[in-house]
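Below are the chains, spelled out letter by letter.
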Amino acid sequence: MTTTLDAATLDPPWCFQGGADNRFCWNYLDPSRADLVLLYDKAKRRQWDASERLDWSEALDPDNPMQLDPSMLPIHGSSLWNRLSAVERRQVQVHTQAHTLSQFLHGEQGAMLAASRVVQNLDSIDAKLFAATQVMDEARHVEAYSRLLREKFSTQYSISPSLRQLLEDGLSASEWDMALLTMQVLVENVALASFQRIRDNSAANLATAVNAYVMQDEARHVAFGRMVLRDYYQQLSAPERARREAFVLESLSQIKQSFTQREVWERLGLPVAQCVHLIDQSPAAANFLDLLLRRVVPIFHEIGLWGSSLRDQLVLLGGERYLLLDPEASQRNDETFADAIDNSFDHLTSTLQSGSSDHVHPESD
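Everything numeric here is computed off the predicted structure, so don't read it as measured data.

**Description of unusual backbone geometry**
For residues other than glycine, phi is negative in most cases, and the peptide bonds are mostly trans.
Here is step 1: Even without being glycine, Gln-67 reaches a positive phi, approximately 50 degrees.
Here is step 2: Summarising the element assignment, Gln-67 is placed in the loop between helix H2 (50-53) and helix H3 (79-83).

Structure, rendered in structure tokens:
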């Protein structure tokens with residue numbers, strides 16, 4: 001195994017063609033959707049500055065920056081893990097965390113590009129206004145994750161092949177809704193499931209706060225996707241919906257590949273096939289899948305992507321038990337958790353000023 005954490009070499013720009021239209025609309029004085037107007041108002045109120053809201057002065061442990069318990073590692077407890085030295089185990093911790101955050105960073109840039117395309121494509125002014133706030137949200141997320149990796153980690157990773165393929169497939173499609181389906185329903189919910197694992201298990205305030213604040217924004221983005229696609233997919237023919245369901249099935253396969261973190265095991269010189277097998281069978285993978293299904297199954301059903309092929313696959317994965325969950329419940333929890341962190345930090349500041357140093361860490365619901 002390597003004993004040096006080298007900074008990643010910058011990749012050349014990645015370019016591919018997208019099929020976006022530019023749609024002007026003129027209903028400035030007559031917003032057609034009250035729910036979208038309310039969401040836009042919330043987005044305006046919820047804007048925040050990553051440089052000010054986050055405490056970048058916090059020192060993170062270079063051997064475990066996000067302060068995650070080693071038991072969260074998919075290979076933890078295996079015969080392979082037991083053979084590793086203490087130094088090698090620390091490297092696995094650092095690299096898996098760096099890989100995860102790197103994919104967050106690349107995914108947020110993809111979301112920024114997708115949101116900008118949605119602004120072009122939508123034909124109602126209220127939807128355009130909200131999508132424009134999302135462009136700013138995603139820019140802020142890119143800033144936050146880039147800074148976290150740059151200042152607190154000693155390495156980073158290029159975009160994984162599976163995430164790269166998912167973004168290219170979704171953003172190069174000629175149909176405008178494919179960008180929305182890719183980002184608002186698939187990538188955003190994959191990110192939310194991943195963010196939640198860190199938010200709820202990290203003992204590092206900075207790591208917890210970054211993910212909680214980003215989740216607060218992403219909850220709005222998912223709600224926006226649900227609203228727009230629910231109406232649009234009612235207009236599609238059965239073959240058109242089937243094409244989108246096939247895209248979802250392929251995307252779920254790519255998402256599963258991304259979770260294996262093959263790039264980490266390759267860089268560290270560990271047996272890739274063995275690591276991938278361990279991950280496929282690990283409680284961590286099962287937990288991630290459960291969190292993802294809990295979020296996406298009610299949305300697929302709500303927006304009308306519930307044909308037999310997609311439904312049967314989700315049922316096979318155990319997603320049927322989440323069919324009747326309220327998607328807005330997750331949204332409310334993601335929003336209020338970030339507020340709880342703000343309140344905790346405000347309380348911590350006041351207690352420190354009064355001479356107390358008690359640590360406050362909000363618990364998830």
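**A closer look at the confidence of the model for the chain**
Here is step 1: Residues of the chain with pLDDT of at least 70 account for 89%, and the chain-wide mean is 87.
Here is step 2: This model gives residues 1-8 a pLDDT under 50, and the stretch forms 20 contacts once residues within four places in sequence are excluded.

**Topic: the nonpolar core**
Here is step 1: Counting 105 residues, the largest nonpolar core has Leu-54, Val-92, Leu-181, Phe-224, Trp-265 and Phe-300 as its most contacted members.
Here is step 2: Non-local contacts of Leu-181, meaning those with residues more than four positions away in its chain, are made with Leu-186, Leu-229, Tyr-233, Arg-244, Phe-247, Val-248, Ile-303 and Leu-305.

**A short note on the environment of Lys-152**
Here is step 1: Tracing the sequence through the fold places Lys-152 in helix H5 (residues 125-152).
Here is step 2: For Lys-152, a relative accessible area of 18% puts it in the buried group.
Here is step 3: The residues contacting Lys-152, other than those within four sequence positions of it, are Trp-56, Ser-57, Glu-58, Leu-60, Pro-65, Arg-147 and Leu-206.
Here is step 4: At a separation of 2.9 Å, a polar atom in the side chain of Lys-152 contacts the main-chain carbonyl oxygen of Trp-56.

**Some points on the packing of aromatic side chains**
Here is step 1: Taken as a whole and judged by the stated rule, the model has ten aromatic pairs.
Here is step 2: Aromatic pair Phe-104 and Phe-195: ring centres 4.5 Å apart, planes at 85 degrees, arrangement edge-to-face. Placement of Phe-104 in helix H4 (residues 86-121) and of Phe-195 in helix H7 (residues 176-201) is noted, with a sequence separation of 91 residues between them.
Here is step 3: Overall, the relative accessible area of 0% leaves Phe-195 in the buried class.

**Comments concerning the packing of helix H6 (residues 161-172) against H7**
Here is step 1: At a minimum axis distance of 6 Å, the contact between H6 and H7 shows a crossing angle of 140 degrees. One way to sum up the angle between H6 and H7 is to call them oblique. Between H6 and H7, the contacting residues are Leu-166, Leu-167, Gly-170 and Leu-171 on the first element and Met-178, Ala-179, Thr-182, Met-183 and Val-187 on the second.
Here is step 2: When grouped by side-chain class, the residues that make up the contact of H6 with H7 number seven nonpolar, two polar and no charged.

**Points about the pattern of salt bridges**
Pairing of side chains with opposite charge becomes possible as their charged atoms draw close.
Here is step 1: Following the criterion strictly, the structure yields 23 salt bridges and no others.
Here is step 2: When the shortest N-O distance is used, the salt bridge between Arg-220 and Asp-137 registers 2.9 Å. Placement of the pair is Arg-220 in helix H8 (residues 205-233) and Asp-137 in helix H5, with a sequence separation of 83 residues. The pair formed by Arg-220 and Asp-137 is uniform in burial state, with each residue classed as buried.
Here is step 3: One salt bridge in this structure joins Arg-230 and Glu-302, with 2.5 Å as the shortest N-O distance. Highlighted residues: Arg-230 in helix H8 and Glu-302 in helix H12 (residues 283-303), separated in sequence by 72 residues.
Here is step 4: Given the relative accessible area of 22%, Arg-230 is considered partly exposed.
Here is step 5: For Glu-302, a relative accessible area of 23% corresponds to the partly exposed category.
Here is step 6: A single network of salt bridges, built from pairs that share partners, joins Asp-137, Arg-140, Asp-217 and Arg-220.

Basis of the calculations
- Residues numbered from 1 in each chain as written.
- Predicted model: local features only at pLDDT ≥ 70, side-chain atom pairs only at ≥ 80, totals over all residues.
- Heavy atoms only, no water.
- Helix = DSSP H or I, 4+ residues; strand = E, 2+ residues; numbered from the N terminus.
- pLDDT = per-residue confidence, 0-100.
- Contact = heavy atoms within 4.5 Å.
- Core = buried A, V, L, I, M, F, W, Y, C linked by side-chain atoms within 4.5 Å.
- Buried < 20%, exposed > 50% of the residue type's maximum accessible area, 1.4 Å probe, protein only.
- Polar contact = N/O pair within 3.5 Å; in protein donor to acceptor, adjacent residues only side chain to side chain.
- Phe/Tyr/Trp six-rings, centres within 6.5 Å; stacked < 30°, edge-to-face > 60°.
- Axes fitted to C-alpha atoms, helices over the stretch in contact; angles between N-to-C directions.
- Parallel < 35°, antiparallel > 145°, perpendicular 65-115°, else oblique.
- Nonpolar A, V, L, I, M, F, W, Y, C, P; charged D, E, K, R; others polar.
- Salt bridge = Lys/Arg side-chain N within 4 Å of Asp/Glu carboxyl O.

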